[in-house]
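Chain by chain, the residues:
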Number of protein chains: 4
Amino acid sequence: MHVTIEAAEAAIQAARKRAVELGTEMCIAIVDSGANLKAFYRMDAAWVGSIDIAIKKAKTAVFFGMPTGQIGELSQPGGSLFGIEHSNDGLITFPGGLPIVDEDGVLIGAIGVSGSTVKNDHAVAQAGVSVVGVSDLPAHPWRT
Amino acid sequence: MHVTIEAAEAAIQAARKRAVELGTEMCIAIVDSGANLKAFYRMDAAWVGSIDIAIKKAKTAVFFGMPTGQIGELSQPGGSLFGIEHSNDGLITFPGGLPIVDEDGVLIGAIGVSGSTVKNDHAVAQAGVSVVGVSDLPAHPWRT
Amino acid sequence: MHVTIEAAEAAIQAARKRAVELGTEMCIAIVDSGANLKAFYRMDAAWVGSIDIAIKKAKTAVFFGMPTGQIGELSQPGGSLFGIEHSNDGLITFPGGLPIVDEDGVLIGAIGVSGSTVKNDHAVAQAGVSVVGVSDLPAHPWRT
Amino acid sequence: MHVTIEAAEAAIQAARKRAVELGTEMCIAIVDSGANLKAFYRMDAAWVGSIDIAIKKAKTAVFFGMPTGQIGELSQPGGSLFGIEHSNDGLITFPGGLPIVDEDGVLIGAIGVSGSTVKNDHAVAQAGVSVVGVSDLPAHPWRT
């Protein structure tokens with residue numbers, strides 16, 4: 001199941017609104033459940049380096065069906081997933097990427113946000129997900 | 001000079017409208033004058049393989065300040081630019097990518113469209129450019 | 001806004017002069033605000049491995065509008081940006097890359113230097129920036 | 001044996017002069033005999049896509065010790081080197097890249113030029129080579 005373009009646009013609009021409230025300039029990416037780009041939006045003063053990070057955060061979140069920050073906790077030196085960021089043409093494993101799960105518990109895509117502190121990136125990603133699905137479910141794995 | 005996100009969105013909306021009129025499902029990409037992604041939009045039934053083609057068409061058009069199809073004419077076997085598509089991480093040199101030039105003749109970005117015949121791709125790209133600038137100017141090179 | 005070739009050459013000359021004073025052999029790269037190479041200079045006994053590092057330092061500095069060393073502090077194990085160097089085809093996050101900001105506060109490019117200690121690399125980069133702009137501004141983000 | 005930075009700069013200056021005479025905007029790259037970048041220069045209105053092409057032309061010329069156009073003749077469909085451009089991370093096989101050979105017949109580097117017609121690119125590359133060496137020698141292979 002893939003996120004629709006209508007949902008992707010709604011998520012981007014909600015994320016933009018939150019970014020403006022926070023006084024930040026963001027790149028926002030939406031990918032479908034196949035980790036393929038669905039929609040992308042770069043605010044005018046966002047960092048050029050955030051383009052790739054936003055897309056990689058979204059891909060990372062859908063690759064493993066979990067928030068990027070959660071993977072980052074497991075990939076520290078000595079951690080069980082140390083070095084996982086070398087897979088899949090490069091992961092980004094700090095906060096700002098969140099899976100999008102529909103009401104039936106199906107993973108339909110992900111959002112990735114980059115452009116400010118990881119706290120702000122995460123808040124903007126959450127704002128985007130909140131209007132089209134959820135990110136936190138009790139049971140993993142979700143159906144894909 | 002870079003295309004603004006406002007202009008990028010207007011171009012995408014105009015391109016979408018034309019795509020719907022033509023009964024096609026498209027990927028539409030906008031890049032700035034540095035060939036960096038500004039906005040991207042994938043209609044729900046567009047080919048997954050068109051994501052990369054739309055982005056590469058937009059990049060190709062801004063890389064050389066000309067329509068992608070024009071490069072394709074020069075890069076045929078025996079042509080003066082045969083093999084140019086091996087540069088810049090891969091070019092796409094058939095129609096569907098157009099530069100966006102502002103009223104002062106400055107190249108500010110490009111649009112790339114993929115998802116149907118090259119004729120339709122080109123028509124949709126033109127619809128996008130027409131609301132935010134022009135693609136055809138008498139004198140080259142444009143200022144960048 | 002992009003750094004001009006005249007400014008890029010002036011920055012390289014100033015950086016070379018400082019490198020000679022320090023008795024070092026450097027690679028010096030200038031990129032524009034789109035992270036595209038503008039000018040490059042390799043002194044005769046500079047390390048071959050420094051070519052890519054100098055270019056990546058310049059790109060990294062313009063990608064995020066900040067000195068490369070600042071990103072390096074945030075990307076240590078346990079840091080908020082751990083692993084960011086896997087983005088954008090590889091970042092270099094130790095000192096030697098500095099943004100170039102014009103008198104209106106616009107990020108117009110960056111310089112990257114590699115070939116000696118990071119202290120020397122940073123000093124040579126600063127010498128380059130000092131003749132064409134500034135690197136340290138009170139308020140972020142700069143306009144791009 | 002490698003081209004010196006002094007010679008590289010002289011070649012770039014001569015090439016720039018010719019480019020200005022021709023009314024063109026060029027990217028000019030110099031590589032050493034190891035195909036590693038020595039110096040690079042992008043005129044202000046040169047195409048962004050020419051950066052990579054100029055560098056790849058210089059590398060291609062030194063990879064095989066011959067003008068890029070000569071390789072292009074051999075790599076046409078049905079030719080003996082058809083597809084060679086897939087090697088070495090991508091070759092450019094149309095004119096504009098020339099080896100630089102010193103007075104002892106040693107290949108010391110190459111120049112690559114991109115930004116106009118292949119005829120102009122080739123003329124500008126020749127102007128660059130002419131002040132620091134030669135490109136055409138009776139006997140191949142040269143010593144490397």
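Analysis parameters
Residues numbered from 1 in each chain as written. Chains lettered and ligands numbered in written order. Predicted model: local features only at pLDDT ≥ 70, side-chain atom pairs only at ≥ 80, totals over all residues. Heavy atoms only, no water. Helix = DSSP H or I, 4+ residues; strand = E, 2+ residues; numbered from the N terminus. Rg over C-alpha atoms; globule rule 2.2 N^0.38 Å. Buried < 20%, exposed > 50% of the residue type's maximum accessible area, 1.4 Å probe, protein only. Contact = heavy atoms within 4.5 Å. Polar contact = N/O pair within 3.5 Å; in protein donor to acceptor, adjacent residues only side chain to side chain. Nonpolar A, V, L, I, M, F, W, Y, C, P; charged D, E, K, R; others polar. Phe/Tyr/Trp six-rings, centres within 6.5 Å; stacked < 30°, edge-to-face > 60°. Least-squares fit on C-alpha atoms with pLDDT ≥ 70 in both. 1 Å grid on protein atoms, 1.4 Å probe; cavity = no way out; pocket = protein on both sides within 12 Å on 5 of 7 lines; lining within 4 Å. Points joined across faces, edges and corners; volume = space filled by probe spheres on them. Pairing = 2+ DSSP bridges. Axes fitted to C-alpha atoms, helices over the stretch in contact; angles between N-to-C directions. Salt bridge = Lys/Arg side-chain N within 4 Å of Asp/Glu carboxyl O.

- If you look chain A up in an unreviewed UniProt entry, it shows as Glycolate utilization protein from Methylocystis bryophila.

## Things to note about the overall build of chain A
Phase 1: Secondary structure assignment for chain A yields 4 helices and 4 strands.
Phase 2: Starting at the N terminus and ending at the C terminus, chain A contains elements arranged as α-β-β-α-α-β-β-α.
Phase 3: Against the compact-globule benchmark of 15 Å for 144 residues, chain A has a radius of gyration of 14 Å, which places it among compact chains.
Phase 4: Counting only C-alpha atoms, chain A reaches 40 × 35 × 25 Å along its principal axes.
Phase 5: Burial statistics for chain A: of 144 residues in total, 62% are counted as buried.
Phase 6: At a minimum sequence separation of 6, the contacts of chain A that also span at least 24 residues come to 65%.

## Comments concerning the interface of chain C and chain B
Phase 1: Between chain C and chain B, the contact holds 4 residues from the first and 4 residues from the second.
Phase 2: Along the contact surface separating chain C from chain B lie 2 residue pairs in polar contact (both at pLDDT 80 or more).
Phase 3: Split by residue class, the side of chain C that touches chain B holds no nonpolar, 4 polar and no charged.

## Quick notes on the side chain of Lys57 of chain B
Phase 1: Along the chain, the position of Lys57 of chain B falls in helix α2 (residues 50-64).
Phase 2: If near-sequence neighbours (up to four positions away) are discounted, Lys57 of chain B is found in contact with Thr68, Ile92, Phe94, Pro95, Gly96, Gly97, Gly112, Val113, Ser114 and Asp121 of chain B.

## So, the packing of aromatic side chains
Phase 1: Overall, the coordinates contain 6 aromatic pairs over all chains when judged by the stated rule.
Phase 2: Ring geometry for Phe63 of chain B versus Phe64 of chain B: centroids 6.2 Å apart, planes at 65 degrees, classification edge-to-face.
Phase 3: In this structure Phe63 of chain B comes out as buried when scored by relative accessible area, which is 8%.
Phase 4: Among the aromatic side chains, those forming a connected cluster through ring pairs are Trp47 of chain A together with Phe63 and Phe64 of chain C.

## Some thoughts on the relation of the copies chain C and chain B
Phase 1: Note on the identical chains: chain C maps onto chain B by a rotation of 180 degrees and an axial translation of 0.0 Å, with an RMSD of 0.0 Å. The two molecules are tied by a two-fold rotation axis, judged by turn and shift. Closest approach to the rotation axis among the C-alpha atoms of chain C is made by Gly34 of chain C, whose C-alpha sits 2.3 Å away.
Phase 2: By residue overlap, the copies meet face to face through one surface: 100% of the interface positions of chain C are interface positions in chain B.

## Quick look at empty space enclosed by the protein
Phase 1: Scanning the model with the defined rule gives 2 cavities of 30 Å³ or more in all.
Phase 2: The calculated volume of the largest cavity comes to roughly 130 Å³.
Phase 3: Forming the walls of the largest cavity are Glu9, Ile12, Gln13, Ala39, Phe40 and Tyr41 of chain A together with Glu9, Ile12, Gln13, Ala39, Phe40 and Tyr41 of chain B.
Phase 4: Among the residues forming the lining of the largest cavity, the class breakdown is 8 nonpolar, 2 polar and 2 charged.

## Concerning the sheet that holds strand β3 (residues 97-101) of chain B
Paired through backbone hydrogen bonds, the strands of a sheet run either parallel or antiparallel to each other.
Phase 1: Taken together, 8 strands build an open sheet; the order of strands is β3(A)-β4(A)-β1(A)-β2(A)-β2(B)-β1(B)-β4(B)-β3(B) and the sheet is antiparallel. The two strands at the open ends of the sheet, each matched to only one other strand, are β3 (97-101) of chain A together with β3 of chain B. On average, adjacent strands in this sheet sit at an angle of 20 degrees to one another, irrespective of strand direction.
Phase 2: Sitting on the sheet, helix α4 (residues 118-130) of chain B touches β3 and β4 (107-114) of chain B, and the angle it makes with β4 of chain B is about 145 degrees.

## Looking at the sheet that holds strand β3 (residues 97-101) of chain C
Phase 1: In space, the 8 strands of this open sheet follow the order β3(C)-β4(C)-β1(C)-β2(C)-β2(D)-β1(D)-β4(D)-β3(D), with antiparallel pairing throughout. The strands lining the two open edges of the sheet, one partner per strand, are β3 of chain C together with β3 (97-101) of chain D. Strand-to-strand twist across the sheet, computed as the mean angle between neighbouring axes with direction ignored, equals 20 degrees.
Phase 2: With 6 bridges joining them, strand β1 (residues 27-32) of chain D and strand β4 (residues 107-114) of chain D adopt antiparallel strand pairing.

## Some points on the pattern of salt bridges
Phase 1: Summed over all chains, the structure comprises 28 salt bridges over all chains.
Phase 2: For Asp44 of chain D, the salt bridge identified is with Lys38 of chain C, shortest N-O distance 2.7 Å. Of this pair, Asp44 of chain D sits in the loop between β2 (37-42) and α2 (50-64) while Lys38 of chain C sits in strand β2 (residues 37-42), which puts the two residues in different chains.
Phase 3: Judged by relative accessible area, which is 36%, Asp44 of chain D ranks as partly exposed.
Phase 4: Put simply, Lys17, Arg18 and Glu21 of chain A are held in one network by salt bridges that share partners.

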